Amino acid sequence: MKARNLDGYGAPTIEWARVKTVLDGRLTQAPGSGGPQRHTAWLTTINPDGSPHVRPVGVIAHDGSWYFTSGPATRKSGNLARDRRCVVSVATEQFDLVLEGTADRVRDASELACVAEAFVHSGWPAQVAGDALTAEYSAPSAGPPPWRVYRTQPAAVFALATSEPFGATKFRLD
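Residues numbered from 1 in each chain as written. Predicted model: local features only at pLDDT ≥ 70, side-chain atom pairs only at ≥ 80, totals over all residues. Heavy atoms only, no water.

Per an unreviewed UniProt entry, the chain is named Pyridoxamine 5'-phosphate oxidase, and its organism is Mycobacterium triplex.

Draft legend 1. Representation of the overall build of the chain within the structure. A count of helices and strands for the chain gives three helices and eleven strands. If you line up the chain on its principal axes, its C-alpha atoms span 50 × 35 × 25 Å. If you take every contact in the chain between residues at least 6 apart in sequence, the share linking residues at least 24 apart comes to 61%. In the form shown here, the chain has an accessible surface area of approximately 9,000 Å², with 54% of it arising from carbon and sulfur atoms. (Helix = DSSP H or I, 4+ residues; strand = E, 2+ residues; numbered from the N terminus. Contact = heavy atoms within 4.5 Å. Areas by Shrake-Rupley, 256 points an atom, 1.4 Å probe, with all protein chains shown as cover.)

Draft legend 2. Expanded view of unusual backbone geometry. In this structure, Pro146 follows Pro145 across a cis peptide bond, with omega equal to 0°. Here Pro146 is to be found in the loop between strand S9 (132–134) and strand S10 (148–161). Backbone torsion omega between Glu164 and Pro165 reads -10°, so that peptide bond is classified as cis. Along the chain, Pro165 turns up in the loop between S10 and strand S11 (168–172). Located in the positive-phi region is Asp63, a residue other than glycine, with phi close to 55°. Counting through the fold element by element, Asp63 comes out in the loop between strand S4 (59–62) and strand S5 (65–70). For Asp63, a relative accessible area of 72% corresponds to the exposed category. (Buried < 20%, exposed > 50% of the residue type's maximum accessible area, 1.4 Å probe, protein only.)

Draft legend 3. Quick peek at the pattern of salt bridges. This model, assessed by the stated rule, comprises five salt bridges. Here Asp104 makes a salt bridge to Arg84, at a shortest N to O gap of 2.6 Å. Of the two residues, Asp104 sits in strand S7 (residues 95–106) while Arg84 sits in the loop between helix H2 (75–82) and strand S6 (85–91), which places them 20 residues apart along the sequence. Arg84 gets classed as partly exposed once you look at its relative accessible area, which sits at 41%. (Salt bridge = Lys/Arg side-chain N within 4 Å of Asp/Glu carboxyl O.)

The structure is reproduced here in structure tokens:
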């Protein structure tokens, strides 16, 4: 891993351990739980014409990876089927985080079961249905069930500190 200090004001390079703690933590969407005031993760994919497509997604951290769901008929799922490159970003109390990389659809039954369990633990009653997840409800932008599961594979993580000690660092993971 390479870290590059992006701060132009003399702040030190952010330590990866601080960022990893946030990446591996629970990012709830409950009011008052994050910065600013709650966590909303945003997924950016690439449209066929090369323009960006940005939508909010529910993200769960599990076993060192970030997972999200998407209905098979949504634009984001279509975009990822054509081009795996994406960006996931979220504001937390400690950092604004941007993860650049790829997303892979999860089809392995044991991995799906672990991800469903992690979602249940976070308050969303997901369960495995074939090679996807289902539940009584989901975000309107997810489309109707079942929902595909995607695992992010970041190549770079940008951390912009929102509290002391401030700073901005790019971590190259590949």
